[in-house]
Amino acid sequence: MEYITKINEATAYINEKLEGKRPLCGIILGSGLGGLADVIENQTIIPYSSIPHFSQSTALGHKGNLIGGFLGGKFIIAMQGRFHYYEGYGMDQVTLPVRVMKKLGISYLFVSNAAGGVNRDFKVGDLMIIKDHINLMPNPLMGKNMDEFGPRFPDMTRPYDLNLIKMAELIASKLGITLKKGVYLAGTGPTYETPAEYSFFGRIGADAVGMSTVPEVIVARHSNIPVFGMSVITNEAHDFAEDFVNDGNDVIIAANKAAEKMTRLITTMMSEL
Ligand code: HPA
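Definitions and limits used
Residues numbered from 1 in each chain as written. Predicted model: local features only at pLDDT ≥ 70, side-chain atom pairs only at ≥ 80, totals over all residues. Heavy atoms only, no water. Helix = DSSP H or I, 4+ residues; strand = E, 2+ residues; numbered from the N terminus. Buried < 20%, exposed > 50% of the residue type's maximum accessible area, 1.4 Å probe, protein only. Contact = heavy atoms within 4.5 Å. Areas by Shrake-Rupley, 256 points an atom, 1.4 Å probe, with all protein chains shown as cover. Lys, Arg positive; Asp, Glu negative; His and termini not counted. Charge placed at Lys NZ, Arg CZ, Asp CG, Glu CD. Salt bridge = Lys/Arg side-chain N within 4 Å of Asp/Glu carboxyl O. Expected span 1.5 Å × (residues − 1). Patch = residues over 30% accessible without salt bridge, like charges linked within 9 Å, V, L, I, M, F, W, Y side chains within 5 Å. Bend = angle between axes of the 7 residues up to and from the residue. Polar contact = N/O pair within 3.5 Å; in protein donor to acceptor, adjacent residues only side chain to side chain. Near = heavy atom within 4 Å. Nonpolar A, V, L, I, M, F, W, Y, C, P; charged D, E, K, R; others polar. Axes fitted to C-alpha atoms, helices over the stretch in contact; angles between N-to-C directions. Parallel < 35°, antiparallel > 145°, perpendicular 65-115°, else oblique. Left-handed = near helix turned anticlockwise from the far one by under 90°. Core = buried A, V, L, I, M, F, W, Y, C linked by side-chain atoms within 4.5 Å. Pairing = 2+ DSSP bridges.

Chemist: Report on the overall build of the protein, specifying residues and quantitative values.
Modeler: On a plain count of helices and strands, the protein comes out with six helices and nine strands. Projected onto its principal axes, the C-alpha positions of the protein cover 55 × 40 × 35 Å. Sorting the 273 residues of the protein into buried and exposed places 53% on the buried side. Of the contacts formed within the protein by residues at least 6 apart in sequence, a portion of 83% connects residues at least 24 apart. In the form shown here, the protein has an accessible surface area of approximately 11800 Å², with 51% of it arising from carbon and sulfur atoms. Within the protein, one finds 25 positive and 28 negative side-chain charges whose respective centroids are separated by 6 Å.

Right, dumping it as structure tokens:
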């Protein structure tokens, strides 16, 4: 079956569930950050397993629901859990939901993730606005260009929307939330980084590292959707000598703890969009 047919069938199914309401914003909730979904009002919960051509969420801390409802008074659609390349899905499967959200009519895409702090000033629990990224995964736009979504050679000068970043900074200062800002580097995972890799990523300009987000951002930017990205720092880069182990469960616990801060920030941003 052609990819565009899959996109259209998934879109039609979701549109029917949402009774034709157009979401202003799509929100992708990363590992341990699904808690934001609890404050969405008037929820329509659509399990991924029921949506034609959607994959299953197998990753730790990912629930696998698409949720329509109101956040900050705006009708939005949230993905409680995403699809990762390391799960064995192709990039077309990883980014299918973004194409579908475009077809559903979103005006903004908000993405979030749990990430390792590469910048030595970053501490566990910090929130980082993503101002730019480094893609070390395969590019999801490889292959025949989907002209109806965007150009063959998309511009990436401003991958993250400057107005949304300004808005987040203003709101965070009003709410008393401290924000870091930095560059997110996406690798394939599923291994965490070696000490030498953390050090290398720092040298090439990364402040945080993770295994997601960038594929979705590239596909969103292809079709000119303004993007806002946020990383929760769940662990800190470590040196070789340290007695330290990176553990997926600790990452989820740290993300859960910071989720409340992120939820307040994003909810207020929605109310001002
Ligand atoms: N590396 C890659 N992905 C991650 C990390 C990390 O240190 N922490 C959370 N996701």
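Chemist: Outline the pattern of salt bridges, supporting the account with residue identities and numerical values.
Modeler: Using the criterion set out here, one finds five salt bridges in the structure. Linking Arg82 and Glu216 is a salt bridge whose minimum nitrogen-to-oxygen distance equals 2.6 Å. Of this pair, Arg82 sits in the loop between strand 4 (74-80) and helix 2 (91-104) while Glu216 sits in helix 5 (residues 214-222); the two residues are 134 residues apart in sequence, bridging distant segments of the chain. The same class applies to Arg82 and to Glu216, which are both buried.

Chemist: Tell me about helix 1 (residues 3-17), and please be specific about residues and values.
Modeler: For helix 1, with 15 residues, the first-to-last C-alpha span of 22 Å sits near the 21 Å given by 1.5 Å per residue. Among the structural elements, strand 2 (41-47), strand 3 (65-71), strand 4 and helix 2 are those in contact with the buried residues of helix 1. Just past helix 1, the residue Glu19 takes up positive phi, approximately 50°.

Chemist: Let's hear about a nonpolar patch on the surface: which residues, and what values?
Modeler: Residues Leu136, Phe200 and Ile204 make up a contiguous nonpolar surface patch of roughly 270 Å² in combined accessible area. Checked against the element boundaries, Leu136 lands in the loop between strand 6 (127-135) and helix 3 (162-175).

Chemist: Lay out helix 6 (residues 248-272) in plain terms, naming residues and giving numbers.
Modeler: Because an α-helix packs 3.6 residues into every turn, residues spaced three or four apart end up facing the same way. With 25 residues, helix 6 should cover 36 Å at 1.5 Å per step; its first-to-last C-alpha distance of 35 Å lies within 8% of that length. Of all the bends found along helix 6, the most pronounced is centred on Ala258 and spans about 40°. If you check the start of helix 6, you find a side-chain oxygen 2.9 Å away from the backbone N of Asn249, and it comes from Asp247.

Chemist: Help me get a handle on the site of the ligand, residues and values and all.
Modeler: In the region of the ligand, the neighbouring residues are Ala114, Ala115, Gly116, Tyr192, Glu193, Tyr198, Val209, Gly210, Met211, Thr234, Asn235 and Val251. Side-chain polar atom of Glu193 to a nitrogen atom of the ligand: 2.6 Å apart, as the coordinates give it. Separating an oxygen atom of the ligand from a side-chain N or O atom of Tyr198 is a distance of 2.7 Å. Burial of the ligand by the protein chains amounts to 96% of its free accessible area of 260 Å². If you list the elements that add at least two residues to the shell around the ligand, you get strand 5 (108-117), strand 8 (208-210) and strand 9 (227-236). When residues in the shell around the ligand are grouped by element, the largest group, three residues, is from strand 5. Its residues assigned to classes, the shell around the ligand shows seven nonpolar, four polar and one charged.

Chemist: I'd like to hear about the packing of helix 1 against helix 2, residue by residue, with values.
Modeler: Between helix 1 and helix 2, the least distance of the axes is 9 Å, while the angle of their chain directions is 55°. Accordingly, the angle class assigned to the pair helix 1 and helix 2 is oblique. By crossing handedness, the relation of helix 1 to helix 2 is classed as right-handed. Here helix 1 contributes Tyr3, Ile4, Lys6, Ile7, Asn8, Ala10, Thr11, Ile14 and Asn15 to the contact with helix 2, which in turn contributes Asp92, Thr95, Leu96, Arg99, Val100, Lys103 and Leu104. Looking at the contact of helix 1 with helix 2 residue by residue, the classes come out as eight nonpolar, four polar and four charged.

Chemist: Could you give an account of the side chain of Ser223, naming the residues involved and the relevant values?
Modeler: Within the secondary structure, Ser223 sits in the loop between helix 5 and strand 9. Every residue in contact with Ser223, bar those within four places of it in the chain, is listed here: Lys102 and Phe149.

Chemist: An account of the nonpolar core is needed here, citing residue identities and associated values.
Modeler: With 80 residues, the main nonpolar core has Ile14, Ile27, Phe54, Leu109, Phe110 and Met262 as its most contacted residues. It is helix 6 that provides the largest number of residues to this core, a total of nine residues. In this view, Met262 contacts Leu29, Leu33, Leu36, Ser112, Leu127, Met230 and Val232; residues no more than four positions away in its chain are not counted. Core analysis: the next-biggest nonpolar cluster, separate from the first, contains seven residues, Phe201, Ala206, Val209 and Ala237 among them.

Chemist: Can you tell me about the pairing of strand 3, naming the residues and giving the values?
Modeler: Burial of strand 3 is extensive: six of the seven residues sit out of reach of the surface. Across five bridges, the pairing between strand 2 and strand 3 is antiparallel. Pairing of Glu41 across the sheet is with Phe70, part of strand 3. Strand direction decides the pairing type here: strand 3 and strand 4, joined by seven bridges, are antiparallel. Counterpart to Gly68 in the pairing with strand 4 is Ile77. Where strand 3 hands over to strand 4, the hairpin turn is made up of two residues, of which Gly72 adopts a positive phi near 60°.

Functional significance is not addressed by these values, which are geometric in nature.
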